[in-house]
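# Observations on chain architecture
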Amino acid sequence: MVRFFLWFLVLQAALFGLELTPWAQQWFVVPWTNTLAAISAGIVKLFDPQVLAHGKVLKSASNGFAVSIEAGCNGVEATIVLVAAVLAFPASWRRKLAGLAIGIVAVQGLNIVRVISLFYLGQWNFSVFEWAHLYVWQALIMLDVLVVWLLWVRTLPRPEADLPAVAA
Amino acid sequence: MPSGSFARFVLLVFAWLACALFVWWFASALLAWPIALLAELVSRLALPDLVQAVEQHGDKITFVTSLHAANATVATAAGGLVSDDIDVRHFTFGLPLLAALILAARAPHRGRNLLIGYAVLLPFQTWGVIAEFLEDIAVGFGPGVASQTGFSAWQREAIAFAYQFGALILPTVVPAVVWVLMHRRLLEDFARRRAV
């Protein structure tokens, strides 16, 4: 457990530091954030055709309200935490990769729900938007990461030491 | 923890999170008091040339600096000195998450774990508050204020990293880590069972 936590902290700090570099911002964070805005707009357009995406901004053409997806709201940090937790936990690489693939989809999927919900909360009541944006969704996304990680841990095979002894 | 118990645990976390957020919101000024004390202690020890006073005003911690305001957009205390209000809630919202996780796990010694968890979070919350203050004076308030701080380029980079880490990672990750550490047996038991 100690080894897991040390690896988790090291990986998390390293990945977060990497995320902040201009290279990662230019080639990964900004393109991903723009894609997130486009995906969110694409989903919202199914029931609200007056919504547009410009770069990282999601905007309503009908009333002019817009939200800009900034650091902390693009799900990159939550994904970093999940990646660090999965990579640090003892498991085979096949299971780690499977956990990462499913886990990242789960985290980013909920993050799209966050972006869309905030877009409509902001049009309805700005105080509620602020509360949901700054506190509620932050906690829910981390809870999502924790639940996804716990479910992944649950799928791992038993450690050898815990298997029942077999008579030789 | 069987599958049904896990789903129940998650539902309980949601229910407790709603309650805990409500309590935290109204008690946040009280809960911030130790952070103000820690921020003052750190400022006296590490930033005596920059900070003249640290004051708590409800949910806000105000750093009164020895820096002179370079433009009218910077808040000033008496004598035209720069002052910076930091909203403590931006760094303490992980506390209701930790409380919800502890209460939903229904492990023994929940009250003790809540108190320990609250105490463990305090230094990390203080980190966020001080890092935001430093980021404000080193970058946010503009070159007129930043030039008075004497920070070198690498110090400004370190402050920017500390601020981002303290604002984006620590507030939610530390509660989750503390909860996992407090419930290692639950996790080990959990890891031994298979979902299917």
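Before reading on, note that the structure itself is shown above.
Everything numeric here is computed off the predicted structure, so don't read it as measured data. (Residues numbered from 1 in each chain as written. Chains lettered and ligands numbered in written order. Predicted model: local features only at pLDDT ≥ 70, side-chain atom pairs only at ≥ 80, totals over all residues. Heavy atoms only, no water.)

## Overview of the interface of chain A and chain B
Filter applied, for reference: Whether two residues touch is decided by their heavy atoms; if any such pair falls within 4.5 Å, the residues are in contact. What gets called buried area is simply the loss in accessible area from a 1.4 Å probe that two parts show on being joined, summed for both. Take a side-chain nitrogen of Lys or Arg and a carboxyl oxygen of Asp or Glu: if they are within 4 Å of each other, that pair is a salt bridge. Think of a polar contact as two N or O atoms within 3.5 Å of one another; within protein, one of them needs to be a possible hydrogen donor and the other a possible acceptor, and neighboring residues in sequence only count if both atoms come from side chains. Numbering of helices and strands runs from the N terminus, with a helix taken as a DSSP run of H or I at least four residues long and a strand as a DSSP run of E at least two residues long. Gly falls in the polar group here, along with every residue not listed as nonpolar (Ala, Val, Leu, Ile, Met, Phe, Trp, Tyr, Cys, Pro) or charged (Asp, Glu, Lys, Arg).
On the side of chain B, 39 residues touch chain A, which itself brings 34 residues to the contact. Roughly 3,400 Å² of surface becomes buried between chain A and chain B when both sides are summed, with 80% attributable to carbon and sulfur atoms. The interface formed by chain A and chain B contains zero salt bridges. Summed over the shared surface of chain A and chain B, the number is zero residue pairs in polar contact (both at pLDDT 80 or more). Every element with two or more residues in the side of chain A that touches chain B is listed here: helix H1 (2-20), helix H3 (76-88) and helix H5 (126-155) of chain A. In terms of residue count, the dominant contributor to the side of chain A that touches chain B is H5 of chain A (17 residues). Its residues placed into classes, the side of chain A that touches chain B shows 24 nonpolar, five polar and five charged.

## Comments concerning the pattern of salt bridges
All names here are of chain B. The line we're drawing: Type-normalised accessible area, obtained with a 1.4 Å probe on protein chains alone, sets the label of each residue: buried when under 20%, exposed when over 50%, and partly exposed for intermediate values.
Within the structure shown, the criterion is met by five salt bridges over all chains. Salt-bridge contacts for Arg44 lead to Glu40; the nearest nitrogen and oxygen are separated by 2.9 Å. Here the residue Arg44 and the residue Glu40 both occupy positions in helix H2 (residues 33-46), the gap between them amounting to four residues, near one helical turn. What makes Arg44 exposed here is its relative accessible area of 58%. On the accessibility criterion, Glu40 (22% relative accessible area) is partly exposed. With its nearest N and O atoms 3.2 Å apart, the salt bridge here joins Arg89 to Asp87. For the pair formed by Arg89 and Asp87, the shared burial category is buried.

## Concerning the sheet that holds strand E3 (residues 81-87) of chain B
All names here are of chain B. We count it as follows: Two strands qualify as a pair provided that DSSP identifies no fewer than 2 bridges between them. Fitted lines through C-alpha atoms serve as axes, helices being fitted only where they are in contact, and the angles separating the N-to-C directions of these axes extend from 0 to 180 degrees.
One open sheet accounts for three strands, arranged E1-E2-E3; its pairing is antiparallel. The sheet is open, and its two edges are formed by strand E1 (51-57) and E3, each paired on a single side. With direction set aside, neighbouring strand axes in the sheet form an average angle of 20°. Judged from the six bridges that link them, strand E2 (residues 60-68) and E3 form a sheet pairing that is antiparallel. Following the sheet pairing, His68 is matched in E3 by Leu81. Each of E1 and E2 is contacted by H2, which is oriented at about 180° to E1, the strand it contacts most.

## With respect to the pairing of strand E2 (residues 57-60) of chain A
Residue and element names in this part refer to chain A. Going residue by residue along E2, you find Leu58 and Ser60 tucked away on one face and Val57 and Lys59 left uncovered on the opposite face. Sheet topology places strand E1 (residues 51-54) next to E2; four bridges connect them, and they run antiparallel. By the bridge assignment for E2, His54 is matched with Val57. In the sheet, E2 pairs with strand E3 (residues 66-68) via three bridges, with the strands oriented antiparallel. Residue pairing for E3: Val57 is matched across the bridge by Ser68. Once E2 ends, the chain turns through five residues before running back antiparallel as E3, passing Gly64 with a positive phi of about 80°.

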